Amino acid sequence: MPSLWKRITFSVASVLCVASVALLVVALATEKWVTGRILCKTGAEIVNASHPEMDQFIGDIYYGLFQGGKTKKCGLGNRRSKIYIFPNLVKTLNGGLHMMVILFLLVAVGFALVSLSFCIYNARKVPYQSIKGHKGLYLWNFIAAFFASLAVVCFLAAVRHHSLTERVANYKENLFVLVVLGDSLDWSFWLGVGSIGTHFAVCGVVAMSRIKLPKPEMKKPEEPTVSSVDLLY
């Protein structure tokens, strides 16, 4: 059985692995990777809207890896619609890059689960092979963080260099042209970034498990000394 200190540290590492998996799954499932403001350019040009009137033609948009939504204002009131990335919209995007983001996140979830199983194993038993011990945990967490980082970088490339928000906003818009006034990364994206930090935290906790704490010394009871005077009695 491992020492109490190792059981504590590996238990904390297990909790961090669970947190990483939860962050990645929530990031995959939620719709707030990007939020932005969209201007109905066609509607504003039809009525020749002045600057104070532009607010009447500014809506909003949000989307994730699978779906989202937008509110369009083109002079006919607020028109809300749902956005579904699959199966058709992805064909108008950089589909390969979008699929890579999802694939990298799924791989990161897989290696985070592998790391979790090894943390539980180390908390219960002393491994005989190095790959099942500290070195293995460093490896699995590094791979999970690496793939999560790749997913984050690919998504940033899609948003900043491939006009992802503009393509999503103008999908199936035959009458109106929507212009993106600004977009920003929202909390779903930052959950993915946070999962990377948890894996580095796991590595730090695993490194702490190798610290050898001093064992409390038990004082031996002093033996009574027998003098020559005591022997006379």
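For clarity, every value in this text was computed on a predicted model and none was experimentally measured.

Draft legend 1. Geometry of the UniProt feature "transmembrane region" (unreviewed entry) in the protein chain. The feature "transmembrane region" (unreviewed entry), as given by UniProt, occupies residues 97–121, 137–159 and 187–209 in the numbering adopted here. Secondary structure content for residues 97–121 is 100% helix and 0% strand, and the end C-alpha separation is 36 Å.

Draft legend 2. Up close: the pairing of strand 2 (residues 58–63). Examined bridge by bridge, strand 1 (residues 34–40) and strand 2 share six bridges and lie antiparallel to one another. Looking at the pairing, Ile38 lines up with Gly59 of strand 2. Examined bridge by bridge, strand 2 and strand 3 (residues 67–73) share four bridges and lie antiparallel to one another. Its bridge partner lying in strand 3, Tyr62 is registered against Gly69. The turn linking strand 2 back onto strand 3 is made up of three residues.

Draft legend 3. How the structure looks around helix 5 (residues 134–161). Compared with the 40 Å implied by 1.5 Å per residue over 28 residues, the 40 Å span of helix 5 between its first and last C-alpha is a close match. Once helix 5 ends, the next one or two residues include Ser163, with phi positive near 50 degrees.

Draft legend 4. Here's a closer look at unusual backbone geometry. Between Phe86 and Pro87 the backbone carries a cis peptide bond, its omega angle lying at 5 degrees. Mapped onto the elements of the fold, Pro87 is located in helix 3 (residues 85–92). A positive phi angle, near 60 degrees, is found at Lys172, a position not held by glycine. For Lys172, a relative accessible area of 63% corresponds to the exposed category.

Draft legend 5. Spatial organisation of the state of the cysteines. One pass over the structure, following the stated rule, counts one disulfide. Between the sulfur of Cys40 and that of Cys74 lies a disulfide, 2.1 Å long from S to S. Here the disulfide of Cys40 and Cys74 is right-handed, its torsion about the S-S bond being about 110 degrees. Of this pair, Cys40 sits in strand 1 while Cys74 sits in the loop between strand 3 and strand 4 (78–84), and the two are 34 residues apart along the sequence. Considered together, Cys40 and Cys74 belong to a single accessibility category, that of buried residues. The closest cysteine sulfur to the non-disulfide-bonded Cys119 is located on Cys17, 4.0 Å from its own sulfur.

Calculation notes
Residues numbered from 1 in each chain as written. Predicted model: local features only at pLDDT ≥ 70, side-chain atom pairs only at ≥ 80, totals over all residues. Heavy atoms only, no water. UniProt positions renumbered as here; feature names shortened; annotations may be inferred. Helix = DSSP H or I, 4+ residues; strand = E, 2+ residues; numbered from the N terminus. Pairing = 2+ DSSP bridges. Expected span 1.5 Å × (residues − 1). Buried < 20%, exposed > 50% of the residue type's maximum accessible area, 1.4 Å probe, protein only. Disulfide = S-S within 2.5 Å.

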